[in-house]
Amino acid sequence: MVYHIPSDEDILTAVEKVFQKYHIVTSQHALKKLVEKELQSTKKHLHVSGPRLRTLVLNSGKARVEIRTREGDPKKILNKCPVCGGVLQRVKNQTIYGGEVTIEFRCAVCGYWTGKKKKIPTLYVFHVD
Ligand SMILES: [Zn+2]
């Protein structure tokens, strides 16, 4: 079986059609299935990887994502957003008492944020407002 790789434009056109029908898609896997179904209505054997699809959708602003996470390794260094590949901004929060500073990292593109225990995304819910 030969797999064909669709262009970003093909994927985003299919994504738009999916979001016209469904305003909430409850996982990345479900979104991938729906988008591939749209893609395959024009050309057979078009496939897209979940992470590529997610990154494209979030950077296009066609949907916002609600991210479920679990706690990860505090020693892990995040060079970029694990959700959309965006730049993580370092935010310092000064607590009122004692002057303790906590460091958080936030992504301006998709809204991912994490504290010391680097949050690992486990589920993505896509919403169209
Ligand atoms: Zn992000």
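Residues numbered from 1 in each chain as written. Predicted model: local features only at pLDDT ≥ 70, side-chain atom pairs only at ≥ 80, totals over all residues. Heavy atoms only, no water.

Colleague: Please set out the overall build of the protein residue by residue, giving values where relevant.
Modeller: Scanning the protein from N- to C-terminus turns up three helices and six strands. Counting from the amino terminus, helix and strand elements in the protein follow one another as α-β-α-α-β-β-β-β-β. With respect to the principal axes defined by its C-alpha atoms, the protein has extents near 60 × 30 × 20 Å. Looking at the protein as a whole, 35% of its 129 residues qualify as buried. Long-range pairs, those at least 24 residues apart, make up 63% of the contacts in the protein between residues at least 6 apart in sequence. Carbon and sulfur atoms make up 53% of the accessible area of the protein, which totals about 8,400 Å². For the protein, the distance from the average site of its 23 positive side-chain charges to the average site of its 12 negative ones is 5 Å. (Helix = DSSP H or I, 4+ residues; strand = E, 2+ residues; numbered from the N terminus. Buried < 20%, exposed > 50% of the residue type's maximum accessible area, 1.4 Å probe, protein only. Contact = heavy atoms within 4.5 Å. Areas by Shrake-Rupley, 256 points an atom, 1.4 Å probe, with all protein chains shown as cover. Lys, Arg positive; Asp, Glu negative; His and termini not counted. Charge placed at Lys NZ, Arg CZ, Asp CG, Glu CD.)

Colleague: Give me the coordination of the zinc ion: which residues, what numbers.
Modeller: Reference values for coordination geometry: four tetrahedral donors around a metal ideally subtend 109.5 degrees, six octahedral donors ideally subtend 90 or 180 degrees. Taken together, Cys81 (SG), Cys84 (SG), Cys107 (SG) and Cys110 (SG) make up the protein donors of the zinc ion, found 2.3 Å from the metal. Around the zinc ion sit four donor atoms; with metal-centred angles ranging over 100 to 114 degrees, the donor geometry is tetrahedral. Sequence positions of the residues that donate to the zinc ion give the spacing C-x2-C-x22-C-x2-C. Across the pair, exposure class does not vary: Cys107 and Cys110 are buried alike. (Donors = N, O, S within 2.8 Å, 3.2 Å for Na, K, Ca; no water. Tetrahedral: all angles 85-135°; square planar, octahedral: opposite > 155°, others 65-115°.)

Colleague: With reference to specific residues and values, describe the pattern of salt bridges.
Modeller: The full count for this structure, using the stated rule, is eight salt bridges. The partner of Lys21 in a salt bridge is Glu38, and the shortest N-O contact between them spans 2.7 Å. With a gap of 17 residues between them, Lys21 in helix 1 (residues 8-21) and Glu38 in helix 2 (residues 28-40) connect regions that are remote in the sequence. By relative accessible area, which is 58% here, Lys21 ends up exposed. (Salt bridge = Lys/Arg side-chain N within 4 Å of Asp/Glu carboxyl O.)

Colleague: Quick one: what's the story with the sheet that holds strand 5 (residues 113-114), residue by residue and with numbers?
Modeller: Read from one edge to the other, the open sheet built from three strands follows the order 3-4-5, with strand pairing classed as antiparallel. The sheet is open, and its two borders are formed by strand 3 (88-94) and strand 5, each paired with just one other strand. Across two bridges, strand 4 (residues 101-107) lies against strand 5 in antiparallel orientation. Counted as the bridge partner of Phe105 is Thr114 from strand 5. (Pairing = 2+ DSSP bridges.)

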